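Each chain, written out:
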Amino acid sequence: MRIKVETRQDGDIDVPRRFSLNGDQVDVFEMIDQWFGADYRYCKVKGSDGALYILRYDELRSEWCLTMFASERAQAVTAGWTSPSQSAIVKGSLQ
């Protein structure tokens, strides 16, 4: 999904500062990680709404896209989740 992103200068690269999603403005609260490819860059950011986003910048087209979104609620649910195999290990160690 293409999105409009406002950037700020960080060293010699532009990093997301704010973006528009479904008509709402989301401020970038924290830049968590970024990684680079041959002609693109991914930025993992935490928004002012508490959600996690992965934004992809296509350097050849100068376009930003949203590639991943996890709401604050979804993060809380997955943080407390354990896989069935982990549950079996924990139960086995308690017996």
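The structure under discussion appears in the preceding block.
It should be emphasised that the depicted structure is a prediction, and the values quoted were computed from it without experimental measurement.

**Quick word on the sheet that holds strand β2 (residues 13–21)**
And then number 1: Strand order around the closed barrel formed by six strands is β1-β2-β3-β4-β5-β6, with antiparallel pairing between neighbours. Along the sheet, successive strands turn relative to each other by an average axial angle of 40 degrees, direction set aside.
And then number 2: As paired elements, strand β4 (residues 40–47) and strand β5 (residues 52–58) share seven bridges and run antiparallel to each other. If you follow lysine 44 over to β5, its bridge partner there is isoleucine 54.

**Looking at the packing of aromatic side chains**
And then number 1: All chains considered together, the criterion is met by five aromatic pairs.
And then number 2: With centroids separated by 5.5 Å and ring planes inclined at 20 degrees, the aromatic side chains of tryptophan 35 and tyrosine 42 adopt a geometry described as stacked.
And then number 3: Classification of tryptophan 35 as partly exposed rests on a relative accessible area of 33%.
And then number 4: Taking the centre distance of 4.7 Å and the plane angle of 40 degrees together, the rings of tyrosine 57 and tryptophan 64 count as tilted.

**Remarks on the nonpolar core**
And then number 1: By size, the foremost hydrophobic cluster in this structure holds 14 residues, and its most contacted members are Ile3, Phe19, Val45, Tyr53, Leu55 and Trp64.
And then number 2: The element best represented in this core is β5, accounting for three residues.
And then number 3: Excluding its chain neighbours within four sequence positions, the residues that come into contact with leucine 55 are Ile3, Pro16, Phe19, Arg41, Tyr42, Cys43, Val45, Trp64, Cys65, Leu66 and Thr67.

**Points about the side chain of aspartate 58**
And then number 1: Within the fold, aspartate 58 resides in strand β5.
And then number 2: On the basis of relative accessibility, which here comes to 11%, the residue aspartate 58 falls in the buried class.
And then number 3: Setting aside chain neighbours within four positions, we find aspartate 58 in contact with Asp39 and Glu63.

About the criteria used
- Residues numbered from 1 in each chain as written.
- Predicted model: local features only at pLDDT ≥ 70, side-chain atom pairs only at ≥ 80, totals over all residues.
- Heavy atoms only, no water.
- Pairing = 2+ DSSP bridges.
- Helix = DSSP H or I, 4+ residues; strand = E, 2+ residues; numbered from the N terminus.
- Axes fitted to C-alpha atoms, helices over the stretch in contact; angles between N-to-C directions.
- Phe/Tyr/Trp six-rings, centres within 6.5 Å; stacked < 30°, edge-to-face > 60°.
- Buried < 20%, exposed > 50% of the residue type's maximum accessible area, 1.4 Å probe, protein only.
- Core = buried A, V, L, I, M, F, W, Y, C linked by side-chain atoms within 4.5 Å.
- Contact = heavy atoms within 4.5 Å.

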